[in-house]
Amino acid sequence: REHRLPAASRARLANALLQLQRNHADSQIALRHAGAVLGVHRGRLVVRHQPVEPYSRVWSGADEVLMPHGALRLSRGTGIGIAARHAASATVTIRSGSDGERLRLAGRAARRNVADLLREAGVAHWERHAIPRIYCGDTLAAVAAIGTDAAFAAAAGEPGLAWQWTPAMAPT
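Parameters and conventions
- Residues numbered from 1 in each chain as written.
- Predicted model: local features only at pLDDT ≥ 70, side-chain atom pairs only at ≥ 80, totals over all residues.
- Heavy atoms only, no water.
- Core = buried A, V, L, I, M, F, W, Y, C linked by side-chain atoms within 4.5 Å.
- Buried < 20%, exposed > 50% of the residue type's maximum accessible area, 1.4 Å probe, protein only.
- Helix = DSSP H or I, 4+ residues; strand = E, 2+ residues; numbered from the N terminus.
- Contact = heavy atoms within 4.5 Å.
- Pairing = 2+ DSSP bridges.
- Polar contact = N/O pair within 3.5 Å; in protein donor to acceptor, adjacent residues only side chain to side chain.
- Salt bridge = Lys/Arg side-chain N within 4 Å of Asp/Glu carboxyl O.

### Things to note about the nonpolar core
In step 1: In terms of nonpolar packing, the biggest core is built from 29 residues, with Trp59, Leu72, Ile82 and Trp163 touching the most fellow members.
In step 2: Of all the elements, strand E12 (residues 139-143) adds the most residues to this core, at 4 residues.
In step 3: What Trp163 contacts, discounting residues up to four positions off in sequence, is Trp59, Leu72, Arg73, Leu74, Ile82, Ile134 and Ala144.

### Let's talk about the sheet that holds strand E11 (residues 133-136)
In step 1: Sheet architecture is open: 5 strands sit in the order E4-E8-E11-E12-E13, paired in antiparallel fashion. If you trace the sheet from one side to the other, it starts and ends with strand E4 (56-58) and strand E13 (147-148), each paired once.
In step 2: Bridge count between strand E8 (residues 92-95) and E11: 4 bridges; the pairing is antiparallel. Bridged to Ile94 within E11 is Ile134.

### Side note on the side chain of His69
In step 1: On the secondary structure map, His69 appears in the loop between strand E5 (64-67) and strand E6 (70-78).
In step 2: A relative accessible area of 14% places His69 in the buried class.
In step 3: Here the side chain of His69 touches Ala130 through a polar contact of 3.0 Å, landing on its backbone oxygen.
In step 4: Discounting chain neighbours no more than four positions away, the residues touching His69 are Val52, Tyr55, Ala130, Trp165, Pro167 and Ala168.

### Quick look at the pattern of salt bridges
In step 1: Across all of its chains, the model carries 8 salt bridges by this definition.
In step 2: As a salt-bridge pair, Glu158 and Arg85 come within 2.4 Å of each other at their nearest N and O atoms. With Glu158 in the loop between E13 and strand E14 (159-167) and Arg85 in helix H2 (residues 84-89), this pair connects stretches of sequence that are 73 residues apart.
In step 3: Classification of Glu158 as buried rests on a relative accessible area of 15%.

### As for the side chain of Asp149
In step 1: Note that Asp149 resides in the loop between E13 and E14.
In step 2: With relative accessibility at 2%, the residue Asp149 sits in the buried group.
In step 3: A distance of 3.2 Å separates polar atoms of two side chains, one belonging to Asp149 and the other to Arg111.
In step 4: Separated by 2.9 Å, the side chain of Asp149 and the backbone nitrogen of Ala151 make a polar contact.
In step 5: Residue contacts for Asp149: discarding those within four places in its chain leaves Leu103, Arg104, Arg111, Leu140, Ala141 and Ala142.

### A closer look at the pairing of E14
In step 1: The pairing of E6 with E14 spans 9 bridges and is antiparallel. Across the sheet, the residue bridging to Leu74 is Trp163, located in E14.
In step 2: Both strand E7 (residues 82-83) and E14 contribute to a ladder of 2 bridges, which runs antiparallel. Of the residues in E14, the one forming a bridge with Ala83 is Gly160.

Here is the structure:
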C-alpha cells in the first residue's frame, strides 16, 4: 500500500515467499510486480521502481540540481569538497555511473573501484549507477554519496564545493 502497488494474487505471493525463503545472503533476488521490483538489501525487503536512465548534464553553477530521481545540493565553504579552482578551470558535468570508475579518497593510499566504495557505504547494487558523479573535464572528481578524489580536494582554508545527494524516494 505504501508504494501504491496493486495486491498480488495468492499464488504469486506464495511463489514470492518461496523465493525469499530460498534466498542466499549473497544472491540478488528480483521479484517483478506491477512495474516495480521487490528485492532484498541487507536482510530487508525493498521496493524499487524502474532504473534511472544514464544521464549527463553540464553544471550551470546552480546551488541545487533537480533530477527525476533526486536532488543534488551544493554547499560552498572552505576546505570542503572539490577545490573551487578545479571547477573554475574545467567544464563540470554531473553524470550517472559507469563501470570501471575509480576514486582515491583523501587519506587513502590507493584508488578504489567506485562500486566497491558505494557497496561499503551501504548503497544497494541497483542504486549505484544512479548516484551522481561530478566530473571536472573528463576526470572523475567526486561521487555524491562517497566523497571527493584527493587530487581535486580543497585544502584547508581553500574555497571548495561539496555536494549532497538526496534521492527522490528513499528505500524502505
